[in-house]
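Spelled out, the chains give:
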Amino acid sequence: MMLLKLGYRNLWRNRRRTVLTMIAIGIATTMVILMLGIYDGMFWDMIESATELYHGHVKITAKKYLDEHKMYMTLPEDELREKILADSRVRGVAGRVRGFALLSFGEGESGHTQPAELFGIDPGEERTVTRLEAHVREGSFISGADSKDILLGTGLAKRLEARVGGEVVAMGQGSDGSIAAEIFHVSGIVDTGDPIRDVSLAVVGRKTLQSMLVLDGRIHEWAISLKRPIAAETWAREIRPGIPDADVTSWYGFLPQMKQILDYWYAARYIFALIFYFAVVLVAVNTMYMMFFERLREFGIMGALGLRIRKLSLLILIEGFLISSIAGIAGGIAGSLISLYMYGHPVDLSMF
């Protein structure tokens, strides 16, 4: 205790040097916390954009459906919905049906035909899981699960030369091998931000697509939105045993590239923190080195009075620890407060 009091008193023998050192360490701590928070926010915003626009956080599908996408790999339409919604961690659930067809727009020589993926949804359910509706660039979202509306991706609409208000003829094959055909009214054009997806995406009502593909009462996937996207893998792992006849896949599985980016960021964050702490140690060591040479006579007198080398070394370490701790705590509080403020009042980066 005596050495602690002595070390604290010694810090203020040269106030200017001690204060400048603490300011340097405090600012460095504040900036590293702020930068880690900003980068964390950017990465999680990227993940939310990738999952909440189209995919959802977790998918429940028939066994191997995500690998093979066979039309007959289906699940009962309403069997799992209420069970999933009963979980307090779930924000929304949407049943989906998928199929492939040739879409035709126009007549005669002016007509165009393109292959497309028909994506059958219930608009009310989909709004609780994704922000697909917010990315409609022209026209409006489909009006209902049993409507004859169709929402075309920007690339697909361009290739078909389709316009809002026109009619698109879809032809494909039903699950029973019969010819599947339907006429849809183009309600709008959507831009998901993925050119590869937009060149083949056609969003239609789920019940209409089920009827067209002879899939009444069956769906291909349940898309689930969670209140905490970071907990998607944990949630999926917990419910898998209760659904043995289906695959439960979090965004870690169907968006592996995002998982890799997140893993790289976690590794980079540790490296960044180590570099920062090394720089702080250098600042503290430099200060203590200067203090040591200024106080050689003092140390000599203390040694003559009986203070051993071991305790003298401990005194110097205590002084360095006090400088780093006081400045680090102050910088940590400042960085946390600034990060909390920016969380509530985010900076608009659209100018960049």
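Our subject is the structure that appears above.
Residues numbered from 1 in each chain as written. Predicted model: local features only at pLDDT ≥ 70, side-chain atom pairs only at ≥ 80, totals over all residues. Heavy atoms only, no water.

A. Local environment of the layout of surface pockets. Considered as a void within the structure, the largest pocket measures approximately 790 Å³ in volume. Surrounding the largest pocket, 21 residues form its lining, Gly37, Ile38, Gly41, Met42 and Tyr343 being those nearest its centre. Elements with a contribution of two residues or more to the lining of the largest pocket: α2 (15–55) and α13 (309–344). For the lining of the largest pocket, the element with the most residues is α2, which contributes ten residues. When grouped by side-chain class, the residues that make up the lining of the largest pocket number 13 nonpolar, four polar and four charged. The computed volume of the second largest pocket comes to approximately 320 Å³. Contributing to the lining of the second largest pocket are 18 residues, with Tyr54, His55, Lys59, Arg197 and Phe254 lying nearest its centre. Within the residue set of the lining of the second largest pocket, elements represented by two or more residues are α2, α3 (65–68), β3 (90–105), α7 (195–198) and α11 (256–294). (1 Å grid on protein atoms, 1.4 Å probe; cavity = no way out; pocket = protein on both sides within 12 Å on 5 of 7 lines; lining within 4 Å. Points joined across faces, edges and corners; volume = space filled by probe spheres on them. Helix = DSSP H or I, 4+ residues; strand = E, 2+ residues; numbered from the N terminus. Nonpolar A, V, L, I, M, F, W, Y, C, P; charged D, E, K, R; others polar.)

B. Quick peek at unusual backbone geometry. In the Ramachandran plot, His69 falls in the positive-phi region, its phi being about 50° despite a non-glycine side chain. With respect to the helices, strands and loops of the structure, His69 is situated in the loop between α3 and β2 (75–76). The exposure class of His69 is partly exposed, given its relative accessible area of 38%. In this model, Glu161 sits at a positive phi of 55°, which is unusual for a non-glycine residue. The class for Glu161 is partly exposed, based on a relative accessible area of 48%. (Buried < 20%, exposed > 50% of the residue type's maximum accessible area, 1.4 Å probe, protein only.)

C. Summary view of the pairing of β3. Across the 16 residues of β3, twelve count as buried, placing the element largely inside the fold. Taken together, the six bridges between β3 and strand β11 (residues 221–226) define a ladder with antiparallel strand orientation. Each residue of the ladder has a partner; that of Gly95, found in β11, is Trp222. Pairing between β3 and strand β4 (residues 112–121): nine bridges, direction antiparallel. Residue pairing for β4: Arg98 is matched across the bridge by Phe119. Where β3 lies against strand β7 (residues 167–173), five bridges are found, and the strand directions are antiparallel. Looking at β7, one finds that Ser104 is bridged to Val169. (Pairing = 2+ DSSP bridges.)

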